[in-house]
Amino acid sequence: MSDLFELKDDVLTLGEDVGVTQVAELYETLTQCLESGCTKISIDASKTRRVDGALLQLVAGFVHEVTDELEGEVQWTNPSDTFVAAAKMLDLNKVMRLH
């Protein structure tokens, strides 16, 4: 896994420091995931200590696509307090299904 993120076996693992410079690469990865038919995915943001707003928006859009458009399922694995707080600050926690 890179220090930034990894998508393997339907688990998206976010690294400690994910930001705007990774958005394009993560977009390509998530697009490939959707095109290959992934409708059940787990997101592990347990180690994330810094996250950029653009990346949060991308993940929110991905979660919306999987859950609302494809009627799939997204599960969160112990998202860090930092990740949850950033999502709440941008009012993305509901779209991301982070409660």
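Right, let's walk through the structure included here. (Residues numbered from 1 in each chain as written. Predicted model: local features only at pLDDT ≥ 70, side-chain atom pairs only at ≥ 80, totals over all residues. Heavy atoms only, no water.)

Along the chain, Thr31 turns up in helix 1 (residues 23-35). C-alpha of Thr31 to C-alpha of Gln75: the two residues are 44 residues apart in sequence and 18 Å apart in space. Only 2.8 Å separates the side chain of Thr31 from the backbone oxygen of Tyr27, close enough to count as a polar contact. (Helix = DSSP H or I, 4+ residues; strand = E, 2+ residues; numbered from the N terminus. Polar contact = N/O pair within 3.5 Å; in protein donor to acceptor, adjacent residues only side chain to side chain.)

Moving on, we get to the pattern of salt bridges. In total, this model carries two salt bridges according to the counting rule given. Taking the shortest distance from any N to any O, the salt bridge between Arg50 and Asp17 comes out at 2.5 Å. Of this pair, Arg50 sits in strand 5 (residues 50-51) while Asp17 is found in strand 3 (residues 17-18), placing the two residues 33 residues apart along the sequence. When the shortest N-O distance is used, the salt bridge between Arg97 and Asp68 registers 2.6 Å. Here Arg97, found in the segment after helix 3 (81-89), pairs with Asp68, found in helix 2 (residues 53-69); they are 29 residues apart in sequence, far enough to count as distant. (Salt bridge = Lys/Arg side-chain N within 4 Å of Asp/Glu carboxyl O.)

In total, this model carries one disulfide according to the counting rule given. Between the sulfur atoms of Cys33 and its disulfide partner Cys38 the distance amounts to 1.9 Å. Torsion about the S-S bond of the Cys33 and Cys38 cystine: about 120°, corresponding to right-handed handedness. A residue is classified by how much of its surface remains accessible, and Cys38, at 8% relative accessible area, is buried. (Disulfide = S-S within 2.5 Å. Buried < 20%, exposed > 50% of the residue type's maximum accessible area, 1.4 Å probe, protein only.)

To continue, consider the pairing of strand 1 (residues 5-8). Remark: a regular strand shows side chains that alternate across the two faces of the sheet. Pairing of strand 1 with strand 2 (residues 11-14) involves four bridges; the strand directions are antiparallel. In the sheet register, Glu6 faces strand 2, and the bridge partner there is Thr13. Between the end of strand 1 and the start of strand 2, which pair antiparallel, lie two residues, with Asp9 showing a positive phi angle near 50°. (Pairing = 2+ DSSP bridges.)

Below, the discussion takes up unusual backbone geometry. Positive phi outside glycine occurs at Asp10, with the angle close to 60°. With respect to the helices and strands, Asp10 occurs in the loop between strand 1 and strand 2. Look at Asn78: it is not a glycine, yet its phi comes out positive at around 40°. Here Asn78 shows up in the loop between strand 6 (73-77) and helix 3.

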